[in-house]
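Descriptive structure summary
Here is what each chain is made of, one letter per residue.
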Amino acid sequence: MIEIPKKYEIGKKIPIKDFIPSTLSLDTRKKVKEIVSKVVLTYQISGEEIPSVRNEMYECRLIQFYDFEVNDIKKAGYISKIYQGLIKSPCIIRIFDKSKEIYSFGLKRLNQNDRNEIVLEESFISDSCSKVLPSLEKKSLEKVISFENVINKTNKVNFYLEIYAKAFILKNQKLYMKSKELLEKPVWYDEKNMRETYELFRDMVKLREKIDKLTLASEKVKHNQELKEIMEKLEKI
């Protein structure tokens, strides 16, 4: 269970019809109605205990937490992509069916041509886990999401970035043997180091995925060298 201070609890059920904008295609609206049975805004981190960010890149006054009940957890990726793009605030969406649950994350910035719109730069969903049965993976994820365990509270953008980056590292921890050490490094206190750590880890994941698809040995050698250089940089941070 995610631990968020009681003062941020909302618990507001949102009618599905009010949460499917007309900007979506008719087909998409129909699919969402078929998949999603319930939406609740569970928590909302507001106020200035964690400072808001307002500049040319961000209009970040809130961090929101949602529960989406769906008829099939296999549709979580589809719902995640739609709503991370629609919800303007940084948010964590818990998507669940009768037996499984996942968490959805997204990095957003302002649209430079229209400050009323956002651009979803990146997003991902966690691996699914049982709603009831305990597991190490679920416990580890809930730990990094929980409010008190977030180190960087200098502002809401950094607060969310830390959660996003740590959740991403956990999801891909098998690709880097020192992932757990990375999570415990003091990089999270500093925005620059935090961003560099995440970007290096993300690039490493992409490169490993690319290498797995290659067939030519010469190409694998080249990319393995790039991979080695990234891991050396992660060691030095």
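Residues numbered from 1 in each chain as written. Predicted model: local features only at pLDDT ≥ 70, side-chain atom pairs only at ≥ 80, totals over all residues. Heavy atoms only, no water.

1. What to know about the packing of helix α6 (residues 191–213) against helix α7 (residues 217–236)
Two elements in contact, α6 and α7, have axes separated by 10 Å at closest approach and are oriented at 160 degrees. One way to sum up the angle between α6 and α7 is to call them roughly antiparallel. Classified by chirality, the crossing of α7 by α6 is left-handed. Between α6 and α7, the residues in contact are Thr197, Leu200, Phe201, Asp203, Met204, Leu207, Arg208, Lys210 and Ile211 and Lys220, His223, Asn224, Glu226, Leu227, Ile230, Met231, Lys233 and Leu234, respectively. Per-class residue counts for the contact of α6 with α7 are 9 nonpolar, 3 polar and 6 charged. (Axes fitted to C-alpha atoms, helices over the stretch in contact; angles between N-to-C directions. Helix = DSSP H or I, 4+ residues; strand = E, 2+ residues; numbered from the N terminus. Parallel < 35°, antiparallel > 145°, perpendicular 65-115°, else oblique. Left-handed = near helix turned anticlockwise from the far one by under 90°. Contact = heavy atoms within 4.5 Å. Nonpolar A, V, L, I, M, F, W, Y, C, P; charged D, E, K, R; others polar.)

2. What about the side chain of Asp97?
One can find Asp97 in the loop between β6 (91–96) and β7 (100–111). Here the side chain of Asp97 touches Ile73 through a polar contact of 2.9 Å, landing on its backbone nitrogen. Residue contacts for Asp97: discarding those within four places in its chain leaves Val70, Asn71, Asp72, Ile73 and Lys131. (Polar contact = N/O pair within 3.5 Å; in protein donor to acceptor, adjacent residues only side chain to side chain.)

3. Thoughts on the nonpolar core
Grouped together as the largest cluster of nonpolar side chains are 44 residues, with contacts concentrated most on Phe105, Ile145 and Phe201. For this core, the secondary-structure elements that each account for two or more residues are β2 (36–45), β5 (63–70), β7, α3 (136–145), α4 (156–171), α5 (179–184), α6 and α7. Here this core gets 10 residues from one element, more than from any other, and that element is α4. In contact with Ile145, other than residues within four places in its own chain, are Ile2, Ile4, Phe65, Ile92, Tyr103, Phe105, Val150 and Ile163. (Core = buried A, V, L, I, M, F, W, Y, C linked by side-chain atoms within 4.5 Å. Buried < 20%, exposed > 50% of the residue type's maximum accessible area, 1.4 Å probe, protein only.)

4. Focus: the pairing of β6
Taken across its 6 residues, β6 has 6 buried, putting it largely inside the fold. Burial of β6 is two-sided: the residues Cys91, Ile93 and Ile95 facing one way and the residues Ile92, Arg94 and Phe96 facing the other way are all buried. Summarising the sheet, β5 and β6 pair through 6 bridges and their orientation is parallel. Paired with Phe68 across the strands is Ile95, a residue of β6. Of the crossover connections in this fold, the one passing from β5 over helix α2 (residues 76–86) to the parallel β6 is right-handed. Relative to β7, β6 runs antiparallel, the two sharing 4 bridges. For Phe96, the partnering residue across the bridge sits in β7 and is Glu101. In this structure, the hairpin formed by β6 and β7 is closed by a connection of 3 residues. (Pairing = 2+ DSSP bridges. Right-handed = clockwise from strand over helix to strand, strands pointing away.)

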